[in-house]
Every structure is written in C-alpha cells, then in structure tokens.
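# Secondary and tertiary structure notes
One letter stands for each residue in the lines below.
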Amino acid sequence: MDKAMGKADNDFDWAAMADMLELEGETHSPYVRQAFEELSHLTPRRILDIGSGPGVAACRLAGMFPQAEVTAVDGEPELLARAGERAGRLGVRLRTRVAEFPEGLAGLGTADLVWSGQVVHHVGDQQGALHRLAGLLEPGGVLAIVEGGLPARWLPRDLGFGRPGLQARLDAAMADRFDRMRAELPGTVSVVEDWPGMLRAAGLTEVRSKTFLVDHPAPLEEGPRRSVRRQLERNRKVVGELLDAEDVATLDRLLDPADPACVDERPDLFLLTAKTVHFARRPEHA
Ligand SMILES: C[S@@+](CC[C@H](N)C(=O)[O-])C[C@H]1O[C@@H](n2cnc3c(N)ncnc32)[C@H](O)[C@@H]1O
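Let me sum up the structure you'll find in this document. (Residues numbered from 1 in each chain as written. Predicted model: local features only at pLDDT ≥ 70, side-chain atom pairs only at ≥ 80, totals over all residues. Heavy atoms only, no water.)

## Here we look at the nonpolar core
In this structure, W115, L232 and V277 are the most contacted members of the largest nonpolar core, which totals 51 residues. Sorting elements by how many residues they give to this core places helix α3 (residues 56-64) first, with 5 residues. Non-local contacts of L232, meaning those with residues more than four positions away in its chain, are made with W154, L155, L170, L251, L255 and V263. Within the second largest apolar cluster, 27 residues are counted, among which are L105, V114, L130 and I145. (Core = buried A, V, L, I, M, F, W, Y, C linked by side-chain atoms within 4.5 Å. Buried < 20%, exposed > 50% of the residue type's maximum accessible area, 1.4 Å probe, protein only. Helix = DSSP H or I, 4+ residues; strand = E, 2+ residues; numbered from the N terminus. Contact = heavy atoms within 4.5 Å.)

See below:
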C-alpha cells in the first residue's frame, strides 16, 4: 500500500472512484474547454497530464493538439486503462504511463506543456511537487495546474424537508476532512497556499490565474445528475459521521431511489462550481 498517494486511507481508493472521476471530468468539461482555449496559441510537441485519472482532460488535449505526443500519467493503472479506452472511443492518440507523483516523474522526460488537475493538493510537500512539475518543462514550456476555486453547489437551500442549509454544512464537513487528509499525508509540509507565489518560487514566470465557471442549471441532464448522485453518495460515506442525525436523514432521503424527493427525480437540482487554473512558463534562459 502506497501511503504517498493516500491509498492507506480507503476514502482515496482512486481506482474504486473511477466512475465518479470520469463522470465528474465530463460534467466539468466546460471549465477544461475554456482553460484549454487559453493554451490554443501553443504548438506543443510533447504534453504530459500528471494525475490524469480516467483521462477526460488528456483526451481533450490529444484532440486539440493531434500532432503532439500526449501522455496521461497516473499512479493507478486501472484509471489509465480507462483513459486508454476513452482515447480509443474518441479516436485520439494518447499514451499512458504509470508513475507516482512526485518520485516517479524523473523518468518521464520533458514536455512543452504540462497539465495537472486537482492533484498537487494530494501530495504532502506541495511546493516540492511544484518544483518537480516545473522540472518537467522544456525552456519556454507552460505548466497549468488546477487548484482552488469554489466548492460545487447542487442543492436548493431549502429542500422542503430537513433543516435548510444542508449544502453549506456539507461543505464545512468536507473542508474538515480535507484538512485531516492533508495532515495525514506522509511528509506533509504546511505552506501558505498562494499558488501563484508558489509557482514563482518554483522558478516559473508569466504566472497568471483564471477562474472558469461550470454552470449546469436546473433541471439537470442525465450526466450531471448522475455525477451529483455520486458526489452525494461519497459525501454521505466520508463525512456522514460529522453531520447531525437530521442531516444524515435528509441525505438518506435524497439518496433513496424510492423517495420521490430523491436526487434522481428532483427538478430543482443544479450544478454550479468554479475552478481556478494557474498558468506559468519556464523562462527560455533559466
Ligand atoms: C482528484 S483526481 C483528478 C483527476 C483529473 N486530473 C481531474 O482533474 O479530473 C486525482 C488523480 O491523481 C492521482 N494521484 C493522486 N495522488 C497521486 C500520486 N501521488 N501519484 C500519482 N497519481 C496520483 C489519482 O490516482 C487520481 O487519478
């Protein structure tokens, strides 16, 4: 069991989360599409997606830069198998490579563009991780990481049953759990999470951050609706113990397929979130 990936904590059995990660990747694709527009002037020969998971973003990069060699890198072979299948379905050229972040990055070679979505915060030493990612860049190469943004919102404040404001209490419980996850990572280092400052400290320049909206209004289509169900099931599992009995009962009603007020039926469910992408460049002459 590899503690570096947090696999010792069953909450982060990434392979078991494959369906949820792929659905979430698809549901979040509006932000990835907008973020990639910021990269459309580039002509990369080699692209790495570090912590690609099931490859939703990596396949989009492969479609956008068909002449580039695009490699999806992840610590989980099962997720990379999904990425490979996805690439086959979409007819894009994608390589996959199993590697642990950050130790396994050394063997990957360099790239003109490195993308890493929602992965650095799973590494104990985040500043060290950014140094490693910066080290993958060719001179003039671009790094883009997704960190920060806003938690997703799915539920009306008043659901018509239970205590209003469940979503805000779920957010607070998930934030607590996130703190615990970070505290338990091996080699964890406290750092002011000033992502632009940390990218500069990693020797990169032209640092800028941009936030993109994911906005699926009510009533939700099938894909985003299934994604919300998966997220709520996960919340129930990982922070159920931090909620009071009334909130747990409300969550159970939302998740009960036999209940007409459940998330599969509700016309008022929506999905609204914002993701921040931090872009930076390795100087030509470092
Ligand atoms: C939250 S998911 C993000 C997936 C995808 N990048 C996205 O934005 O949807 C985190 C991914 O990073 C991978 N991961 C986490 N820690 C890792 C590590 N130390 N080494 C390699 N991969 C890791 C997990 O297997 C998972 O696929």
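Alright, that's what it looks like, and here's the rest.
## Focus: unusual backbone geometry
Of note, the bond from F101 into P102 is cis; its omega dihedral lies within 30 degrees of zero at 5°. Position of P102 among the secondary structure elements: in the loop between β3 (95-98) and β4 (111-117). Here the amide bond leading from A218 into P219 is cis, since omega sits at -5°, within 30 degrees of zero. Even without being a glycine, Q118 presents a positive backbone phi close to 60°. Along the chain, Q118 turns up in the loop between β4 and α5 (126-134). Positive phi values are uncommon outside glycine, yet E206 reaches one of about 50°. Residue classification places E206 among the exposed residues on the basis of a relative accessible area of 57%.

## Points about the site of the ligand
The full set close to the ligand counts 16 residues, and G51, D74, F101, G117 and Q118 are the nearest of them. At 3.5 Å, a backbone N or O of G53 approaches an oxygen atom of the ligand. Measuring from a nitrogen atom of the ligand, one finds a backbone N or O atom of G117 at 2.9 Å. Here the ligand loses 92% of its free accessible area of 590 Å² to cover by the protein chains. Its residues placed into classes, the shell around the ligand shows 7 nonpolar, 6 polar and 3 charged. (Near = heavy atom within 4 Å. Polar contact = N/O pair within 3.5 Å; in protein donor to acceptor, adjacent residues only side chain to side chain. Areas by Shrake-Rupley, 256 points an atom, 1.4 Å probe, with all protein chains shown as cover. Nonpolar A, V, L, I, M, F, W, Y, C, P; charged D, E, K, R; others polar.)

## Here we look at the environment of M17
Mapped onto the elements of the fold, M17 is located in the segment before α1 (18-27). For M17, a relative accessible area of 8% translates into the label buried. Residues M17 and E100 lie 83 residues apart in sequence; the distance between their C-alpha atoms is 18 Å.

## Quick notes on α5
Of all the residues in α5, the buried ones are Q126, Q127, A129, L130, L133 and A134. Projected down its long axis, α5 carries its buried residues within an arc of 155°, all on one side. For α5, the secondary structure elements touched by its buried residues are β1 (46-50), β4, β5 (137-146), α6 (166-184) and α7 (195-201). (Arc of directions from axis to C-beta.)

## Side note on the pairing of β5
With 8 of 10 residues buried, β5 lies mostly within the body of the structure. Pairing of β4 with β5 involves 6 bridges; the strand directions are parallel. Each bridged residue has a counterpart across the sheet, and for V114 the counterpart in β5 is L143. On the question of chirality, the crossover connecting β4 to the parallel β5 by way of α5 is right-handed. By the bridge criterion, 5 bridges tie β5 to strand β8 (residues 271-281) in an arrangement that is antiparallel. Counterpart to L143 in the pairing with β8 is A280. (Pairing = 2+ DSSP bridges. Right-handed = clockwise from strand over helix to strand, strands pointing away.)

Functional significance is not addressed by these values, which are geometric in nature.
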